Structure formats: C-alpha cells, structure tokens
Amino acid sequence: MTADDITAAVKRKLNVTWDDETTDKRIADAITKSEAAMCRLCDCPGDATTWDDEDIGLLLDACLYEFSNAFDDFRANYADAIQACRMKHEITDDAAVTP
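Thresholds applied
- Residues numbered from 1 in each chain as written.
- Predicted model: local features only at pLDDT ≥ 70, side-chain atom pairs only at ≥ 80, totals over all residues.
- Heavy atoms only, no water.
- Helix = DSSP H or I, 4+ residues; strand = E, 2+ residues; numbered from the N terminus.
- Expected span 1.5 Å × (residues − 1).
- Buried < 20%, exposed > 50% of the residue type's maximum accessible area, 1.4 Å probe, protein only.
- Polar contact = N/O pair within 3.5 Å; in protein donor to acceptor, adjacent residues only side chain to side chain.
- Phe/Tyr/Trp six-rings, centres within 6.5 Å; stacked < 30°, edge-to-face > 60°.
- Lys NZ or Arg CZ within 6 Å of the ring centre and 35° of its normal.
- Contact = heavy atoms within 4.5 Å.

**Section: helix α3 (residues 53-67)**
And then number 1: With 15 residues, α3 should cover 21 Å at 1.5 Å per step; its first-to-last C-alpha distance of 21 Å lies within 8% of that length.
And then number 2: Extensive coverage of α3 is indicated by the burial of 11 of its 15 residues.
And then number 3: For α3, the set of buried residues is D55, I56, L58, L59, L60, D61, A62, C63, Y65, E66 and F67.
And then number 4: For α3, the N-terminal capping position is held by D52, with its side-chain oxygen 3.2 Å away from the main-chain nitrogen of E54.
And then number 5: At the exit of α3 stands N69, carrying a positive phi of roughly 60°.

And the structure:
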C-alpha cells in the first residue's frame, strides 16, 4: 500500500469526501502521529507502506481517534488489539533473528 493509498483510506475512514487544505493537513498530521504511535506501541516497522492489512486497519482506527482528539481513548479501547499487534511483531522480529 502506498502513502497515497493510506491517505485515501484514512479519508474514507473519516468520511472526508471534500478537498480542503486545512483538512488535508490535519489528516496528514493524524497519519504521522498515528504511525509513530503504532511503531512505539505495536513495534511496527518504520515504513507504514510495508505493513500488513491488520496493521493498516489498526492505523486507520488510530487516525480516527487522533483526528477526533481522543487518542488516549484509542489506547484504552484497543488495548487488546495493540497487544496482539505487538506480540505479532515481536514474534516476527524473533524469527528474523533466529539462525
């Protein structure tokens, strides 16, 4: 998924059907902050264009909460999904290190 695809998916998630410079900047900020949070909370790789569908789905949810100024609620409401995502990446990272 390209960065443009991610932006388009976030806009669909937010039901943003118009083009407005201010809204586009807010969406870009929400994506940037949510990607950083996913890297920190879920141990996702730094490049979101390489994430699987499950990671992207969680990113979209994070963007919805960030865009709505409710990211603290995202962490509480998605704690199980965040933990599962982190475990998936820890297992993947461990498998890559094992000779």
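Anyway, onward from the coordinates.
**Observations concerning the packing of aromatic side chains**
And then number 1: Using the criterion set out here, one finds four aromatic pairs in the structure.
And then number 2: For the cation-ring pair, R26 lies above F67, with the distance from its terminal atom to the ring centre recorded as 4.0 Å.

**Quick word on the side chain of K11**
And then number 1: Residue placement: K11 occurs in helix α1 (residues 3-13).
And then number 2: In this structure the side chain of K11 is engaged in a polar contact, spanning 3.0 Å, whose partner is the side chain of D24.
And then number 3: Other than its neighbours up to four places away in sequence, K11 contacts V16, W18, D19, D24 and I27.

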